[in-house]
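Structural overview
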Amino acid sequence: MKTKIPNLGECSIDSFKLRIELPSLISYDKTLNENLITLDAETCSTIEREFKRQSKKYFLDGFSIYASISEKVRVSKDRFADCIVVLINSKQLGSKYFEGITLETLPIVFDLIKRVGILDCSYDTFINYSSPTDVDFKKDYEVVFDEYKEVVSSCEIMTKPSNDRDKGCTVFSKKDNYGISWSVRTTSKYLTNPYTKIYHKGLEFIKETEKGGSKDFKDRYLSSVDTSNIIRIETTIKNKKHLESLKIGLTNFTLKELLSLTSEQKDKILSKAVNSHLLPRTNSLSFKTESKMTPSNRIYLNLLMGLVSDSNFTFKRALNLALNGIENDSSKSKNKKVLTRLYNDHLKGTDYEKKSSNVENILDGLGWF
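Starting afresh in each chain, residues are numbered from 1 along the sequence in its written order. Only residues with pLDDT of 70 or above have their local features reported here, since the model is predicted, and side-chain atom pairs are shown and tallied only from 80 upward, although totals for entire chains, interfaces and linings are computed over all residues. To get the side-chain values, all heavy atoms of the structure are used, and hydrogens and water are removed first.

Note on conventions: DSSP H or I runs of at least 4 residues are helices, E runs of at least 2 residues are strands, and numbering of each starts at the N terminus. Scanning the chain from terminus to terminus reveals 13 helices and 12 strands. Relative accessibility thresholds used throughout: buried, under 20% of the residue-type maximum; exposed, over 50%; partly exposed, between the two (1.4 Å probe, protein chains only). Among the 369 residues that make up the chain, the fraction classed as buried is 50%. The Shrake-Rupley method, run with a 1.4 Å probe sphere, supplies the accessible areas, and residue values consider only the shown protein chains as cover. Carbon and sulfur atoms make up 50% of the accessible area of the chain, which amounts to about 18,200 Å² in all.

What follows is the structure, encoded as structure tokens:
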């Protein structure tokens, strides 16, 4: 029997880079001195791919840990220090992967990093005197693929239009990778357009590891967990400046403070990212009247049924599309009422209604307003 994921719909931290000043350590892997990297003086972060290329890779059973030494990092306004930088992610938790990095699961990562010889320090130093950057916040949902496609379609339709690569969206619809992303991980406009993506974890877990998937990890640590219909939304918070801009009450910006964020604060982070990329959602009218089905109404109903059945639109998405381009407020209102009544009279309460509700619940969970 497959195990269910216990924390669906809850926002948690999936990964981050952790920086600790070398003088704060008892010891560290001296071979890391052969893998020096440069941290940006303003952001104190590096691009993930470049970090991995220049860092040392520690191979473990089904996952890896990357670490490197950064020289003369600006750690305050007028002070520089040599630091160790470690890439921490939820795979290092093994079977607790979906719980994310929390105050409860962090000791697992700490013990692992010490055991493989990357560094040695007190747990107090590790959690209170370290600085996280490039933090990925995530939220997982369970949804059948047909409904997931509607989530992606809804987000694509409602994305704020832009030809700038740091804005707008990219939809990917490959057999082994289906989803949508906004901005790019390398963006310099992270304050206004943070890198955000929605993707299918189930597809990732059945994709061969050598092809960029996580099948080996799934087989090793999550073999009893049903991940076939799990999707994830994820957004990246680049650095202290980015965290400050969110105004969620952080003062020290240490790892402990980050992991002490409340559910409301983490949801706010995700919501701000989503709403920076999407147009406002609209609420459809809801009422019911009796009327004879005219030829025009039959056409409207047929089109509605085609959108919701064949194209997997929710009613709200179909309504927005149908009314798009109608400038006259009176005509727009009149047609909106007709479409809403037809939906309530002929589609609401059917199997589609359940699907529509599931999709809307996920969109609600993203904090899209």
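Below, the discussion takes up the pairing of strand 6 (residues 79-89). Counting buried positions over the 11 residues of strand 6 gives 8, a clear majority of the element. Whether two strands pair comes down to DSSP finding at least two bridges between them. Adjacent in sequence and paired antiparallel, strand 5 (residues 64-76) and strand 6 are bridged by 2 residues.

It is worth spelling out empty space enclosed by the protein at this point. Space inside and on the surface of the protein is sampled on a 1 Å grid over the protein atoms alone, with a cavity defined as a set of points where a 1.4 Å probe fits but cannot get out and a pocket as an open set with protein on both sides within 12 Å along at least 5 of 7 lines; lining residues have an atom within 4 Å of a point. Grid points are joined across faces, edges and corners, and a volume is the space filled by probe spheres set on the points. Taken as a whole, this structure holds 1 cavity of 30 Å³ or more when the rule is applied. Quantified by volume, the largest cavity comes out at close to 40 Å³. Lining of the largest cavity is provided by Arg185, Thr187, Tyr190, Pro194, Tyr195, Thr236 and Lys238. Gly counts as polar in this scheme, as do all residues outside two lists: the nonpolar Ala, Val, Leu, Ile, Met, Phe, Trp, Tyr, Cys and Pro, and the charged Asp, Glu, Lys and Arg. Along the lines of polarity and charge, the residues of the lining of the largest cavity split into 3 nonpolar, 2 polar and 2 charged.

For the rest of this paragraph, the subject is the packing of aromatic side chains. Any Phe, Tyr or Trp ring, taking Trp's six-membered ring, that has another such ring centre within 6.5 Å forms a pair; planes under 30 degrees apart are called stacked, those over 60 apart edge-to-face, and the others tilted. Going through the model one piece at a time under the given rule, you end up with 13 aromatic pairs. Relative to phenylalanine 98, the ring of tyrosine 97 has its centre 5.0 Å away and its plane inclined at 80°; by these criteria the two rings are edge-to-face. A residue is classified by how much of its surface remains accessible, and phenylalanine 98, at 5% relative accessible area, is buried. With 5.0 Å between their ring centres and 40° between their planes, phenylalanine 217 and tyrosine 221 make a pair best called tilted. Taken together, the residues span about one helical turn, with phenylalanine 217 and tyrosine 221 both in helix 6 (residues 215-221) at a distance of 4 residues.

Residues enter a nonpolar core if they are buried and are Ala, Val, Leu, Ile, Met, Phe, Trp, Tyr or Cys, with the set joined through side-chain atoms within 4.5 Å. Counting 51 residues, the largest nonpolar core has Ile84, Leu119 and Phe126 as its most contacted members. Residue contributions to this core peak at 5 residues, all from helix 2 (residues 106-115). Residue contacts follow a heavy-atom distance rule, with two residues in contact if any of their heavy atoms lie within 4.5 Å. Among all residues touching isoleucine 84, those that are not within four sequence positions of it are Leu18, Arg19, Ile20, Leu22, Leu25, Tyr28, Leu32, Ser68, Ile69, Ile118 and Leu119. By size, the runner-up hydrophobic cluster in this structure holds 22 residues, among which are Tyr148, Ile231, Leu270 and Ile362.

What follows covers helix 2. Along helix 2, the residues classified as buried are Leu106, Val109, Phe110, Leu112 and Ile113. Here the buried residues of helix 2 occupy an arc of 165° about the axis, which is enough to place them on one side. Here the buried face of helix 2 lies against strand 5, strand 6, strand 7 (119-120), helix 3 (123-128) and helix 8 (255-259). Taken from the residues just after helix 2, glycine 117 is the one with a positive phi, measuring 85°. By arc we mean the arc of the directions from the helix axis to the C-beta atoms, nothing more.

Turning next to the packing of helix 11 (residues 315-323) against helix 12 (residues 329-346). Orientation of helix 11 relative to helix 12, taken along the N-to-C sense of each, is 150°, at an axis distance of 11 Å. For the element pair helix 11 and helix 12, the recorded crossing hand is right-handed. Of the residues in helix 12, those in contact with Phe315, Leu319, Ala322 and Leu323 of helix 11 are Lys332, Asn335, Lys336, Leu339, Thr340 and Tyr343. Here the residues of the contact of helix 11 with helix 12 are counted per class, giving 6 nonpolar, 2 polar and 2 charged. A fitted line through C-alpha atoms serves as each axis, taken over the contacting stretch for helices, and the angle formed by two N-to-C directions is quoted from 0 to 180°. By definition, any crossing whose near helix is turned counterclockwise from its far helix by less than a right angle is left-handed, and any crossing with a clockwise turn is right-handed.

Okay, the pairing of strand 9 (residues 169-174) next. When strand 9 meets strand 10 (residues 177-182), the two strands line up antiparallel, connected through 6 bridges. In the strand pairing of strand 10, phenylalanine 172 is matched with glycine 179.

Here isoleucine 118 is to be found in the loop between helix 2 and strand 7. On the basis of relative accessibility, which here comes to 0%, the residue isoleucine 118 falls in the buried class. Isoleucine 118 sits 53 residues away from isoleucine 65 along the chain, and the two C-alpha atoms are 9.2 Å apart. Every residue in contact with isoleucine 118, bar those within four places of it in the chain, is listed here: Tyr28, Asp29, Leu32, Tyr58, Ile65, Ala67, Ile84, Val86 and Ile113.

Within the element layout of this structure, leucine 259 appears in helix 8. The buried category is assigned to leucine 259, whose relative accessible area is 10%. Counting along the chain gives 153 residues from leucine 259 to leucine 106, while the straight-line C-alpha distance between them is 9.1 Å. Once you skip the residues sitting within four places of it in the chain, leucine 259 turns out to touch Ile13, Ile101, Thr102, Leu103 and Leu106.

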